[in-house]
Amino acid sequence: MKVRTRFAPSPTGFLHIGGARTALYNWLYARHHGGAFVLRVEDTDAERSTKESMDVILDGLRWLGLEWDEGPGVGGEFGPYNQSERVSIYDRYLAKLEEAGQVYEDEGAIRFRVPDKDYTVQDEVCGEVSTNLKERGSTRFDAETKQEVAANPDIIIKRPNGGYIFHFVNVVDDIEMGITHVIRGEDHLSNTPKHLALYEAFDVAPPVFAHIPLNLNPNGTKMSKRDKGALIHEYQSEGFIADAVNNYMALLGWSGKDDQEIFTLSDLKERFDLGGVNKSNSKFDYTKCCWVNGEHLKKLPGDELQALANPFLEAAEIPIKDPRIEAALDLARERAQLLSEIPEVVATIFASEVEYDSDSVEKVVNREGMKEVVTALTNGLKTVGSWTEADIKSGIADAAASIEAKMGALMFPCRVATMGSTSGADLVPVLQLLGKEETVKRLEGFSTNYL
Ligand code: GLU
């Protein structure tokens, strides 16, 4: 049987990291098994569903590269893929339950009569969970007393206003769309017995269920949209690489049972299985997410890095067509974790004026003998012939020898004088990219202005 998974977001907000992780696991599972990944829009709640929200969700999935085989914009043989357009299908399924006497009207709503028996979810992650829905009962919020009170456990499947309820449409669509594996957040585990009761009523074998543990804040609280790292569209603007975000999301709840932490999307496709999904909740760690991004940045092919870095470089007015840009990006990838950090690392290479950081400058001017050091550097580097990294290093070594100092002692003032700061990319390759004339000019300017 061909594997068919689905991601079924309700378009009532942003694409949250928890939702995107669910989408990723479904996508990976389908791709791993050569199956199909379906995108279904659960927009039966007309009041809360918006087109803006749907667009944000679709854009987020596209940015992550989690393309869907069937769904909005793509079509497919089981469409339409928006629940709001599937009402006639739900009417047909309701009629089946009516015929079998399994539903009844209650104050304008339609309820499904819950059988008094145990339903056992055989979950691929959580194991076996048995529930008797009648015994478990139900509660509702009583507005008058402001308390949860006991309520009828029979499931409402249609509201008095005619709108169908989540449990019903979710099951009907999974049946109609031939979904074989339901991979979703653990917050839905307690709903699954209801869904099993509906499958039974329709005389359809349920799909495989896998409920993935929640993704929490480091302090164990639920993540909200205000927490850093919660919203997918912010990753893009903050300078993350989509595959690094996929990599980190994969690690948030799954492991390949070895020490490997850095995966390309195609590695993940190969390795992902439900057996590797953790049983306990995961904790979101923004610092680790940045580290994963940095590791991806180091490995990106040059042209991809350039394409991804361009918007950030342009915003910082760095000339992206400069012939030195490729080399500069290679230096930056060793220092930056996010694409947005790249301009700061390389800006000095392309600047017409050095921007001097006052703390760094102070550290140099407060040392003794700096005028002599910078003059020696200027003279040493002036005599360098071919301006390769090796020759630049010998120029600095010669300068050090000329004043009987250690070469290491010259690197720091040289960095501040030519790059303006104690931080940034490696000094010698930067000098090489600056060129001899610019390097000498910066050393002389520093000496004149600060020493
Ligand atoms: N619309 C539901 C949600 O966003 C989907 C649940 C499911 O995957 O079955 O939580």
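For the structure itself, consult the block above.
If you're wondering where the values come from, they're calculated on a predicted model, not measured in any experiment.

The rules behind each value
- Residues numbered from 1 in each chain as written.
- Predicted model: local features only at pLDDT ≥ 70, side-chain atom pairs only at ≥ 80, totals over all residues.
- Heavy atoms only, no water.
- Buried < 20%, exposed > 50% of the residue type's maximum accessible area, 1.4 Å probe, protein only.
- Helix = DSSP H or I, 4+ residues; strand = E, 2+ residues; numbered from the N terminus.
- Contact = heavy atoms within 4.5 Å.
- Near = heavy atom within 4 Å.
- Polar contact = N/O pair within 3.5 Å; in protein donor to acceptor, adjacent residues only side chain to side chain.
- Nonpolar A, V, L, I, M, F, W, Y, C, P; charged D, E, K, R; others polar.
- Phe/Tyr/Trp six-rings, centres within 6.5 Å; stacked < 30°, edge-to-face > 60°.
- Lys, Arg positive; Asp, Glu negative; His and termini not counted.
- Salt bridge = Lys/Arg side-chain N within 4 Å of Asp/Glu carboxyl O.
- 1 Å grid on protein atoms, 1.4 Å probe; cavity = no way out; pocket = protein on both sides within 12 Å on 5 of 7 lines; lining within 4 Å.
- Points joined across faces, edges and corners; volume = space filled by probe spheres on them.
- Axes fitted to C-alpha atoms, helices over the stretch in contact; angles between N-to-C directions.
- Parallel < 35°, antiparallel > 145°, perpendicular 65-115°, else oblique.
- Core = buried A, V, L, I, M, F, W, Y, C linked by side-chain atoms within 4.5 Å.
- Pairing = 2+ DSSP bridges.
- Right-handed = clockwise from strand over helix to strand, strands pointing away.

**Q** Is there a simple way to explain helix H13 (residues 342–350) in this structure?
**A** Counting along an α-helix, one turn takes 3.6 residues, and residues three or four places apart therefore face a common direction. H13 sits mainly inside the fold: seven of its nine residues count as buried. Here H13 has its buried residues at Ile342, Pro343, Val345, Val346, Thr348, Ile349 and Phe350. Of the surrounding secondary structure, the elements contacted by the buried residues of H13 are helix H10 (286–299), helix H11 (302–315), helix H12 (325–332), helix H17 (407–419), helix H18 (427–434) and helix H19 (436–450).

**Q** Whenever I open this one, the site of the ligand confuses me. Can you help?
**A** Neighbouring residues of the ligand: Arg6, Ala8, Ser10, Glu42, Phe166, Asn170, Arg184 and His188. Within the contact set of the ligand, a nitrogen atom lies 2.9 Å away from a side-chain nitrogen or oxygen of Ser10. In the model, a nitrogen atom of the ligand is placed 2.7 Å from a nitrogen or oxygen of the Glu42 side chain. Of the residues that constitute the shell around the ligand, the class distribution is two nonpolar, three polar and three charged.

**Q** Could you clarify how one ought to interpret the packing of aromatic side chains in this entry?
**A** To describe a pair of aromatic rings, you give the distance between the ring centres and the angle between the ring planes. Across all of its chains, the model carries 13 aromatic pairs by this definition. Taken together, a centroid distance of 5.9 Å and an interplanar angle of 70 degrees make the contact between Phe240 and Tyr286 edge-to-face. Highlighted residues: Phe240 in the loop between helix H7 (232–238) and helix H8 (242–251) and Tyr286 in helix H10, separated in sequence by 46 residues. When its relative accessible area of 3% is taken as the criterion, Phe240 is described as buried. Ring geometry for Phe446 versus Tyr450: centroids 5.1 Å apart, planes at 40 degrees, classification tilted. Pair noted here: Phe446 and Tyr450 are both in helix H19, with a separation of four residues, about one helical turn.

**Q** Even after reading the chapter, I still don't get the side chain of Lys158, so can you show me in this structure?
**A** Tracing the backbone through its elements, the reader meets Lys158 in strand S9 (residues 155–158). Asp91 provides the closest opposite charge to the buried, salt-bridge-free Lys158, at an N-O distance of 4.2 Å.

**Q** For this particular structure, what's the right way to read the pattern of salt bridges?
**A** Any two side chains of opposite charge can pair, so long as their charged atoms come close to each other. Under the counting rule described, the total for this entry stands at 26 salt bridges. Between Arg31 and Glu67 there is a salt bridge whose closest N-O contact spans 3.5 Å. Here Arg31 is found in helix H1 (residues 17–32), whereas its partner Glu67 is found in the loop between helix H2 (51–64) and helix H3 (87–99), with 36 residues between them in sequence. For Arg31, a relative accessible area of 19% translates into the label buried. Judged by its relative accessible area of 41%, Glu67 is partly exposed.

**Q** Help me out: how do you make sense of the layout of surface pockets in this one?
**A** With a probe scaled to a water molecule rolled over the atoms, the places where space remains empty come into view. There is about 1,100 Å³ of room inside the largest pocket. Taken together, 34 residues form the lining of the largest pocket, with His16, Gly18, Gly19, Asp187 and His188 sitting closest to its centre. Only strand S1 (4–7), H1, helix H5 (166–176), strand S10 (181–185) and strand S12 (215–216) provide two or more residues apiece to the lining of the largest pocket. Here the lining of the largest pocket is composed, by residue class, of 13 nonpolar, 13 polar and eight charged. Counted as a void, the second largest pocket has a volume near 490 Å³. If you trace the second largest pocket, you find 22 residues lining it, with Glu344, Ala347, Thr348, Glu355 and Met419 closest to the centre. Here the element with the most residues in the lining of the second largest pocket is H13; it accounts for five residues. Residue composition of the lining of the second largest pocket, grouped by class: eleven nonpolar, four polar and seven charged.

**Q** Teacher, can you tell me more about empty space enclosed by the protein here?
**A** Following the criterion strictly, the structure yields one cavity of 30 Å³ or more and no others. If you trace the largest cavity, you find it lined by Gly302, Leu305, Gln306, Glu326, Leu329, Asp330 and Arg333. Contributions of two or more residues to the lining of the largest cavity are made by H11 and H12. For the lining of the largest cavity, the per-class residue count stands at two nonpolar, two polar and three charged.

**Q** What exactly am I supposed to notice about the packing of H11 against H13 here?
**A** Pairs of packed helices are described in terms of their axes, by the angle between the two and the distance that separates them. Between H11 and H13, the least distance of the axes is 10 Å, while the angle of their chain directions is 80 degrees. Judged on the interaxial angle alone, H13 and H11 are roughly perpendicular. The residues of H13 that touch H11, namely those facing Leu305, Ala309, Phe312 and Leu313, are Ile342, Pro343 and Val346. Broken down by class, the residue content of the contact of H11 with H13 amounts to seven nonpolar, no polar and no charged.

**Q** Hey, could you run me through the environment of Gly275 in this one?
**A** Relative to the assigned elements, Gly275 resides in the loop between helix H9 (265–271) and strand S13 (282–283). Exposure remark for Gly275: the relative accessible area of 53% places this residue in the exposed category. As for Gly275 and Arg415, which are separated by 140 residues in sequence, their C-alpha atoms are 52 Å apart.

**Q** I tried to follow the nonpolar core on my own but got confused; where do I start?
**A** Side chains of a nonpolar character, in soluble globular proteins, are inclined to be buried together. Grouped together as the largest cluster of nonpolar side chains are 105 residues, with contacts concentrated most on Leu61, Ile232, Tyr235, Phe240, Leu313, Ile342 and Val346. Here this core gets nine residues from one element, more than from any other, and that element is H1. The contacts of Leu313, once residues within four sequence positions are left out, are Gln306, Ile318, Ile320, Ile325, Leu329, Ile342, Pro343 and Val346. One finds Val38, Phe112, Ile155 and Tyr164 within the second-largest nonpolar core, a separate group that totals 33 residues.

**Q** Sorry, what's going on with the pairing of S1 here?
**A** Every regular strand shows the same layout, with side chains that alternate between the two sheet faces. Alternating residues of S1 divide into Arg4 and Arg6 and Thr5 and Phe7, and every residue in both groups is buried. Bridge count for S1 against strand S2 (residues 36–39) is four bridges, and the pairing is parallel. Within the sheet, the bridge partner assigned to Phe7 lies in S2 and is Leu39. Regarding topology, H1 serves as the crossover connection from S1 to the parallel S2, and that connection is right-handed.

**Q** I'm lost on unusual backbone geometry in this one. Help?
**A** Trans peptide bonds make up the majority, and among non-glycine residues the majority have a negative phi. Each neighbour pair has its own omega, and for Gly79 with Pro80 the value is 0 degrees, a cis peptide bond. Within the secondary structure, Pro80 sits in the loop between H2 and H3. Positive phi values are uncommon outside glycine, yet Lys146 reaches one of about 55 degrees. You can see Lys146 is positioned in the loop between strand S7 (138–142) and strand S8 (147–151). For Lys146, a relative accessible area of 63% translates into the label exposed. Even without a glycine there, the phi angle at Asp203 is positive, about 60 degrees.

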